[in-house]
Amino acid sequence: MSEKEIKDDCHKILSPPPVYFIKSISEQGYSLSTAVADLVDNSVTAGAKRVELLINTNVTPLRLFIADDGCGMTVEEITSNMRFPSADLDAPRAGNDLGRFGLGLKTGSFSQARKFTLVSSKQGMLYEARTWDVEYLKKTKDWTLLIESDEATGNFLKDFYTQSLDFHSRSEVFVPRTLIVWEDLYKLERLKKRSEINDELEELRSHLGLVFHRFLQSGKLEIRLNNSMIDAFDPFPVNAPGVQLIAENYWQSTDTFVRFQGIILPKRAAAEVKEGPTVWAPHGRTLEETQGIFVYRNERLISYGGWLRTISKSVSLQFGRIKIDITNANDSEFHLNVAKSSLKLPFGLKRAMSEMVAGVAAQAAKEFRERLASGIIRNTAAKSGLSLITRYSNAAGPVLGINHDFELIRELEKNLGSAQLDLLRTITCLLEKKLNQIWKGDLLSSSDVDSGLSAEDKEKIVRLWKHYKESGYAEGEIREFLLESFTHNSDTVNFINSLT
Ligand SMILES: Nc1ncnc2c1ncn2[C@@H]1O[C@H](COP(=O)(O)OP(=O)(O)O)[C@@H](O)[C@H]1O
Ligand SMILES: [Mg+2]
């Protein structure tokens, strides 16, 4: 048997059909926003100070330009970086590298476009351009990368300059080192109305302002979309009045060090977010969507909007946020996905964070209850026939009470005999106790708003005791009910015990 025959018998080369492969691998949970963010990651890693995004939604077919002034690439680098993937996953990466799989440029681009071109030059060298085009791959049925001519390369740059100057005129010309052009934007073009496309662009603006906020705030980076600057949005406005900070903590394993810190937004944030742009939530997003754990990887926000399976998302937790800082050395432990938009917390970290998560959740829920209460409760000063519940202060701080001036209660009381009135007063007293326990999130706690036992409470306890006895309830049951309804302090317990 010849060597050739042995080889043929032993194996067969099975290359993935390029078009199938590209379509499958590009559906990795990308949206327009996360795909563009993946390209901006590359610009940041390349040391860019400026990223320019241009798309004219008045002109079809649509084209998106992503340009930066980073380090650029040699012609060899352009070609090799167009490969799927362009680097070994296990190869060491610089500490500031926002990349991960050697795929983002390709998968991010193909998730939105069926054709994309990478134009780049290293300082002092000529621009070169390479294109992946699904239509061309369909014809050649092989991994055939298009090498753009000098003229075509020049045209990509010219189109970028023209669009930049025509579209929104400005004085200085931005010279890109790297320019990526997305064409055949099949996802955006599927949208029927131009307003829907513009909504997507607004979402993109908001996303980039949020996920790159640390770079934007530090002045290290500027990103413009259609020549208008993208503003940073910091979801941890620690200096805003009313924000509560939960002390920072950390988790350390053999080769991982992770810091985390919680904040509670003030309840007024809920009303303010509804009225317009605030420091509390990024444009177009609610507090509910932006609760939970925010994970930063090398300063870039990669995950937010949930509690990463520590606790469930809930409307009542909308004021709670926790930030975690990790680096690209932690990637495999956190199971980062290709779109760099989702991850899992390592078990040890989850356990280390449980106390903080519980603390932030409890504080956030308290803030939420107070907000709810403030919507239906008036202060005693504003007492009127229109509020069923009022808030006043006693020695233990603010408490809630049923307002006996509430029109309907007043009406009812007018028509009751003294025995019925006593019963109604007892019911409202029990309601008040429960209301305060719920309000303070203290259902199971033995502390209460009162201390000691007032003569008024004694009277109510005796009345209830008699009433339930006469109705045939067992003493043990009545005792339990009274203990649950009134303060658990020793005076009350002794008094209730003395009745049996
Ligand atoms: N804008 C850019 N400027 C300079 N180099 C870039 C740029 N975009 C991509 N690259 C190079 O191409 C490589 C491949 O990019 P990508 O497919 O996103 O994978 P990853 O970022 O995970 O390495 C990057 O590692 C980088 O070397
Ligand atoms: Mg990348």
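Quantities reported herein were computed from a predicted structural model and do not represent experimental measurements.

Draft legend 1. Representation of the overall build of the chain in the model. A tally of helices and strands in the chain yields 18 helices and 16 strands. Against the globule reference of 23 Å for 500 residues, the chain gives a C-alpha radius of gyration of 32 Å, more extended than a compact globule. Dimensions of the chain, computed from C-alpha atoms along their principal axes, come out at roughly 105 × 65 × 40 Å. The buried share among the 500 residues of the chain stands at 32%. Taking as baseline every contact in the chain between residues at least 6 positions apart, the subset at least 24 positions apart corresponds to 65%.

Draft legend 2. Spotlight on the nonpolar core. Counting 88 residues, the largest nonpolar core has Val36, Val40, Phe65 and Leu208 as the members making the most contacts within it. For leucine 208, the residues in contact, after removing those within four places along its chain, are Val36, Ala37, Val40, Ile223 and Ile230. Core analysis: the second largest hydrophobic core is formed by six residues, Ile461, Ile478, Leu482 and Phe486 among them.

Draft legend 3. How the structure looks around the site of ligand 1. Around ligand 1, a shell composed of 19 residues is seen, among which Asn42, Ala46, Asn81, Gly99 and Gly104 lie nearest. For the shell around ligand 1, the leading source of residues is helix α5 (residues 104–112), giving three residues. In the shell around ligand 1, the residues fall into seven nonpolar, nine polar and three charged.

Draft legend 4. Region of the structure containing the sheet that holds strand β2 (residues 64–68). With mixed pairing, eight strands are arranged side by side in an open sheet as β5-β4-β3-β6-β2-β1-β7-β8. The open sheet has two edge strands with one neighbour each: β5 (146–147) and β8 (228–229). Two elements, β2 and strand β6 (residues 178–183), share five bridges in a ladder whose sense is antiparallel. From the neighbouring strand, isoleucine 66 faces β6, where its bridge partner is isoleucine 180. Docked against the sheet, helix α7 (residues 150–167) engages β1 (50–55), β2, β3 (115–120), β4 (128–133) and β6, running at close to 85° with respect to β1.

Draft legend 5. Quick look at the domain arrangement of the chain. In terms of domains, the chain is made up of domain 1 (18–229), domain 2 (244–370) and domain 3 (378–499). The centre of domain 1, based on its C-alpha atoms, is set 66 Å off from the matching centre of domain 3.

Draft legend 6. Local environment of the packing of helix α2 (residues 18–26) against α5. Contact pair α2 / α5: the axes reach a minimum separation of 8 Å and the direction vectors enclose 90°. Considering the angle they form, α2 stands roughly perpendicular to α5. Contacts between α2 and α5 involve Ile22, Ile25 and Ser26 from the former and Thr107, Phe110 and Ser111 from the latter. In terms of residue class, the contact of α2 with α5 is made up of three nonpolar, three polar and no charged.

Draft legend 7. Expanded view of the pairing of strand β12 (residues 300–303). For strand β11 (residues 292–297) and β12, the ladder comprises three bridges, and the chain directions are antiparallel. Residue pairing in the sheet places valine 295 in a bridge with serine 303 of β12. Where β11 folds back on β12, the antiparallel hairpin that results is connected by two residues, among which asparagine 298 adopts a positive phi of roughly 50°.

Draft legend 8. Local environment of the sheet that holds strand β10 (residues 256–264). Read from one edge of the open sheet, five strands run β9-β10-β13-β11-β12, paired in mixed fashion. One side of each edge strand has no neighbouring strand; the edge strands of this open sheet are β9 (244–253) and β12. Ignoring which end each strand starts from, the neighbouring axes of this sheet average 25° apart.

Draft legend 9. Expanded view of the confidence of the model for the chain. Counting all residues, the mean pLDDT for the chain is 88, and 92% of those residues have values of 70 or more. Overall, residues 443–450 carries pLDDT values under 50, and its contacts beyond four positions in sequence, including any with other chains, amount to 11 contacts.

Draft legend 10. Summary view of unusual backbone geometry. Backbone torsion omega between threonine 60 and proline 61 reads -5°, so that peptide bond is classified as cis. Here proline 61 shows up in the loop between β1 and β2. The linkage connecting phenylalanine 84 with the following residue, proline 85, adopts the cis geometry, with an omega of -25°. Following the sequence through the fold, proline 85 ends up in the loop between α4 (75–81) and α5. The backbone phi angle of asparagine 226 is positive, close to 50°, even though this residue is not glycine. Along the chain, the position of asparagine 226 falls in the loop between β7 (222–225) and β8. Backbone geometry places asparagine 227, a non-glycine residue, at a positive phi of 65°. On the secondary structure map, asparagine 227 appears in the loop between β7 and β8.

Draft legend 11. Main features of the environment of methionine 353. Tracing the backbone through its elements, the reader meets methionine 353 in helix α13 (residues 347–376). Spatially, the C-alpha atom of methionine 353 lies 51 Å from that of serine 471, the residues being 118 residues apart in sequence. In this structure, methionine 353 is in contact with Phe260 and Thr310, ignoring residues within four places of it in sequence.

Draft legend 12. Spotlight on the packing of helix α3 (residues 32–45) against helix α9 (residues 194–211). Close contact between α3 and α9 brings their axes to 9 Å; oriented N to C, the two are set at 45°. Judged by the inter-axis angle, α3 sits oblique to α9. Judged by the sense of rotation from one axis to the other, the crossing of α3 with α9 is right-handed. Every residue of α9 that contacts α3 at Leu32, Ser33, Val36, Ala37 and Val40 is listed here: Glu200, Glu203, Leu204, His207, Leu208 and Val211. For the contact of α3 with α9, the per-class residue count stands at seven nonpolar, two polar and two charged.

Thresholds applied
Residues numbered from 1 in each chain as written. Chains lettered and ligands numbered in written order. Predicted model: local features only at pLDDT ≥ 70, side-chain atom pairs only at ≥ 80, totals over all residues. Helix = DSSP H or I, 4+ residues; strand = E, 2+ residues; numbered from the N terminus. Rg over C-alpha atoms; globule rule 2.2 N^0.38 Å. Buried ≥ 20, exposed ≤ 12 C-beta atoms within 10 Å, placed from the backbone. Contact = placed C-beta atoms within 7 Å. Core = buried A, V, L, I, M, F, W, Y, C linked by C-beta atoms within 7 Å. Near = placed C-beta within 6 Å. Nonpolar A, V, L, I, M, F, W, Y, C, P; charged D, E, K, R; others polar. Pairing = 2+ DSSP bridges. Axes fitted to C-alpha atoms, helices over the stretch in contact; angles between N-to-C directions. Domains from an automatic or database assignment. Parallel < 35°, antiparallel > 145°, perpendicular 65-115°, else oblique. pLDDT = per-residue confidence, 0-100. Left-handed = near helix turned anticlockwise from the far one by under 90°.

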